[in-house]
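So you can see what is in the structure, the chains are spelled out below.
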Amino acid sequence: AEEVGGGDKEVVKEYFNNSGFQRWRKIYGETDDVNKVQLDIRIGHSKTVENVMKMLTDEGPLQGVTVCDAGCGTGCLSIPLAKEGAIVSASDISAAMVAEAEKQAKEELFTSKNELSPAPVMPKFEVNDLESLDGKYDTVVCLDVLIHYPQSKADAMIAHLASLAENRLILSFAPKTFYYDLLKRVGELFPGPSKATRAYLHAEADVERALQKVGWRIRKKGLITTQFYFAKLVEAVPA
Ligand code: SAM
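Residues numbered from 1 in each chain as written. Predicted model: local features only at pLDDT ≥ 70, side-chain atom pairs only at ≥ 80, totals over all residues. Heavy atoms only, no water.

J.: Honestly, the nonpolar core in this entry has me stumped. Any pointers?
T.: If you look at soluble globular proteins, the nonpolar side chains tend to sit buried side by side. If you look at the biggest cluster of nonpolar residues, it comprises 39 residues, and the most contacted ones within it are Val52, Leu77, Leu81, Leu143 and Ile170. For this core, the secondary-structure elements that each account for two or more residues are α1 (8-17), α2 (19-27), α3 (36-58), α4 (78-83), β2 (87-92), α5 (95-109) and β7 (230-238). Top element by residues in this core is α3. It accounts for seven residues. When neighbours within four sequence positions are excluded, Leu81 is seen to be in contact with Met53, Leu56, Leu62, Val67, Ala86 and Val88. (Core = buried A, V, L, I, M, F, W, Y, C linked by side-chain atoms within 4.5 Å. Buried < 20%, exposed > 50% of the residue type's maximum accessible area, 1.4 Å probe, protein only. Helix = DSSP H or I, 4+ residues; strand = E, 2+ residues; numbered from the N terminus. Contact = heavy atoms within 4.5 Å.)

J.: Honestly, the site of the ligand in this entry has me stumped. Any pointers?
T.: In the neighbourhood of the ligand, 21 residues make up the surrounding shell, with His45, Gly71, Asp92, Leu143 and Tyr149 lying closest. Within the complex, 98% of the 600 Å² of free accessible area of the ligand lies under protein. (Near = heavy atom within 4 Å. Areas by Shrake-Rupley, 256 points an atom, 1.4 Å probe, with all protein chains shown as cover.)

J.: What is the right way to read the packing of α2 against α5 from this model?
T.: A pair of packed helices can be characterised by two numbers: the angle between their axes and the separation between those axes. Put simply, α2 and α5 touch, their axes get as near as 9 Å, and they point 30 degrees apart. In this view, α2 runs roughly parallel relative to α5, as classed from their interaxial angle. For the pair α2 and α5, the crossing hand works out as right-handed. Residues Gly20, Phe21, Trp24 and Arg25 of α2 form the contact with α5, whose participating residues are Ala96, Met97 and Glu100. Of the residues contributing to the contact of α2 with α5, the split by class is four nonpolar, one polar and two charged. (Axes fitted to C-alpha atoms, helices over the stretch in contact; angles between N-to-C directions. Parallel < 35°, antiparallel > 145°, perpendicular 65-115°, else oblique. Left-handed = near helix turned anticlockwise from the far one by under 90°. Nonpolar A, V, L, I, M, F, W, Y, C, P; charged D, E, K, R; others polar.)

J.: When you look at the side chain of His45 in this model, what are you seeing that I'm missing?
T.: Mapping His45 onto the fold places it in helix α3. Residue classification places His45 among the buried residues on the basis of a relative accessible area of 8%. Contact partners of His45, with chain neighbours within four places excluded, come to Tyr28, Cys76, Asp144 and Tyr229.

J.: Which parts of the structure should I look at to understand unusual backbone geometry?
T.: Glycine aside, residues mostly have negative phi, and peptide bonds are mostly found in the trans state. One non-glycine residue, Asp144, lies in positive phi territory at about 55 degrees. With respect to the helices and strands, Asp144 occurs in the loop between β4 (137-142) and α6 (151-164). Judged by relative accessible area, Asp144 falls into the buried class, the value being 19%.

J.: Please explain the packing of aromatic side chains as it appears in this structure.
T.: Aromatic ring pairs: the centre-centre distance and the angle between the two ring planes describe each pair. Tallied over the entire structure, the rule returns two aromatic pairs. Look at Trp24 and Tyr28: their rings are 5.3 Å apart centre to centre, the planes differ by 45 degrees, and that puts the pair in the tilted class. Taking relative accessible area as the criterion, Trp24 reaches 8% and is therefore assigned buried. Against the face of Trp24 rests Arg23, its NZ or CZ located 5.8 Å from the ring centre. (Phe/Tyr/Trp six-rings, centres within 6.5 Å; stacked < 30°, edge-to-face > 60°. Lys NZ or Arg CZ within 6 Å of the ring centre and 35° of its normal.)

J.: Help me understand α5, please; the structure alone is not making it clear to me.
T.: Quick reminder: α-helices carry 3.6 residues per turn. Residues three or four places apart thus point the same way. Its 15 residues give α5 an end-to-end C-alpha distance of 21 Å, which sits within 8% of 21 Å, the value for a rise of 1.5 Å per residue. Buried within α5 are the following residues: Ala96, Met97, Val98, Glu100, Ala101, Gln104, Ala105 and Leu109. Next to the buried residues of α5 lie α1, α2, α4, β2 and β3 (124-127). (Expected span 1.5 Å × (residues − 1).)

J.: Which parts of the structure should I look at to understand the sheet that holds strand β5 (residues 165-173)?
T.: Taken in spatial order, the seven strands line up as β3-β2-β1-β4-β5-β7-β6 in an open sheet, and their pairing is mixed. Looking at which strands have only one partner, the edges of the open sheet turn out to be β3 and β6 (216-225). Averaged over all pairs of adjacent strands, the angle between their axes in this sheet comes to 15 degrees, without regard to strand direction. Here strand β1 (residues 66-70) runs beside β2; their pairing, made up of five bridges, is parallel. Within β2, the residue paired with Thr66 across the bridge is Ile87. Against the sheet, α5 engages β2 and β3, with an angle of about 165 degrees to β3. (Pairing = 2+ DSSP bridges.)

Shown next as structure tokens:
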């Protein structure tokens, strides 16, 4: 069922600036004040980040490579990318998320206990919804954002991200195969008043078709699952 009137994006933005920000900052952080479900999601998500870093570095060093991190959240991917020397452009629809990412990047990249060599380039952080992004990047990455897009909007979103990428596009999404299982858990992912935020699952075939329509093909795939976290990871390249 699709949102009547299509106010999804505003709802998502409001959520990730408020209760969603509080919740996901904890999940994506390192503090102990998480429950079992949140801890499980934290572990699953960090595996996704690890997999992406491996996919990217397997193709060669990231030093000087331009990367767009669309929907960057608290910077879980942007920061390790910068540590590898990538030139990162990170953006998110939520100003709260962007501020947190920027704060964490400063702490992690430029403290004296972390003297990285060569010195990393501070990611360029920006509050922006991904439809408004422009420019060209070697690589575009968009992790765990498609869950906020119904399939009817996902095609255009994927096409837009592909248009920004010169060599690679990496996407993660909640696969539709786990549909019923996940439905039961949506309540745990988005508790309380934020239940208004829907979780959309995507069939791999639909994502693949969206990529093919704009001349891209899937080169690598991965599946990351824990008890409460499911992500399909795809790396696409121009066909
Ligand atoms: N990519 C990050 C990561 O994996 O650590 C964050 C994932 S979090 C589940 C989803 C993020 O997508 C939130 O920070 C949210 O604000 C952002 N988001 C949702 N819709 C967006 C849109 N249309 N444009 C930009 N960011 C969006």
